[in-house]
Amino acid sequence: QVQLVESGGGLVQAGGSLRLSCACSGRTSGLYTMAWFRQAPGKEREFVAGTSWYDLYTNYADSVKGRFTISKDTALITVYLQMNSLKPEDMAVYYCAGSRRNEQRVQDRYYEYWGQGTQVTVSS
């Protein structure tokens with residue numbers, strides 16, 4: 001099994017920054033693709049950013065391009081999401097997700113492993 005643990009959420013003013021971390025443990029050798037999703041109250045979970053452990057793939061939702069950056073530390077087996085210029089509409093619970101598929105998917109159903117989520121609150 002694989003365990004994903006997010007951290008780094010919190011309260012920030014609009015225009016501020018946060019960095020989320022996703023620490024992976026367990027049988028991580030089979031993981032290929034990692035992603036961040038978010039879910040705001042009353043809305044469906046949506047893709048935010050994706051990357052893979054074995055190549056230079058990155059992908060971003062249009063709503064966060066130029067503001068968010070996904071990165072990884074292979075030694076620590078940790079994925080990060082640097083979020084700059086935060087807006088009130090970025091407020092949500094952010095989830096880290098992992099997949100054993102070598103596929104650049106933005107749909108959450110393709111990800112087998114999920115963290116518990118971390119709350120990001122942006123005040124206007």
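Residues numbered from 1 in each chain as written. Predicted model: local features only at pLDDT ≥ 70, side-chain atom pairs only at ≥ 80, totals over all residues. Heavy atoms only, no water.

Draft legend 1. Expanded view of the state of the cysteines. Counted under the stated rule, the structure contains one disulfide. Residue C22 pairs covalently with C96 via a disulfide, S to S 2.0 Å. Here the disulfide of C22 and C96 is left-handed, its torsion about the S-S bond being about -75 degrees. Of this pair, C22 sits in strand β3 (residues 18-26) while C96 is found in strand β9 (residues 92-99), placing the two residues 74 residues apart along the sequence. Each member of the pair, C22 as well as C96, carries the same accessibility label: buried. With no disulfide of its own, C24 lies closest to C22 among cysteine sulfurs, the gap being 4.3 Å. What makes C24 buried here is its relative accessible area of 7%. (Disulfide = S-S within 2.5 Å. Helix = DSSP H or I, 4+ residues; strand = E, 2+ residues; numbered from the N terminus. Buried < 20%, exposed > 50% of the residue type's maximum accessible area, 1.4 Å probe, protein only.)

Draft legend 2. Looking closely at the environment of L76. Assignment of secondary structure puts L76 in the loop between β7 (68-73) and β8 (78-83). Put simply, L76 and A23 are 53 residues apart on the chain and 7.6 Å apart in space, counted from C-alpha to C-alpha.

Draft legend 3. Region of interest: the pairing of β8. Of all six residues making up β8, five are buried, and the element is well covered by its neighbours. By the bridge criterion, six bridges tie β3 to β8 in an arrangement that is antiparallel. Of the residues in β8, the one forming a bridge with L18 is M83. Pairing analysis gives six bridges linking β7 to β8, with the strands arranged antiparallel. The residue bridging T69 from the neighbouring strand is Q82, located in β8. Between the end of β7 and the start of β8, which pair antiparallel, lie four residues, with I77 showing a positive phi angle near 50 degrees. (Pairing = 2+ DSSP bridges.)

Draft legend 4. Fine view of the nonpolar core. Membership of the largest hydrophobic core comes to 29 residues, with the highest contact counts inside it found for M34, W36, L81, M83 and Y94. Those elements giving two or more residues to this core turn out to be β1 (2-7), β3, β4 (33-39), β5 (46-52), β7, β8, β9 and β11 (118-123). Among the elements that take part in this core, β3 stands out by supplying four residues, more than any other. Contact partners of M83, with chain neighbours within four places excluded, come to G16, S17, L18, L20, R67, F68, Y94 and V120. By size, the runner-up hydrophobic cluster in this structure holds seven residues, among which are F37, Y57, A97 and Y110. (Core = buried A, V, L, I, M, F, W, Y, C linked by side-chain atoms within 4.5 Å. Contact = heavy atoms within 4.5 Å.)

Draft legend 5. Representation of unusual backbone geometry within the structure. Although it is not a glycine, I77 adopts a positive phi angle of roughly 50 degrees. For I77, the position within the fold is in the loop between β7 and β8. Relative accessible area serves as the criterion here: at 28%, I77 is assigned to the partly exposed category. Its identity as a non-glycine residue notwithstanding, S85 has a phi of 50 degrees, on the positive side. Inspection of the secondary structure assignment puts S85 in the loop between β8 and β9.

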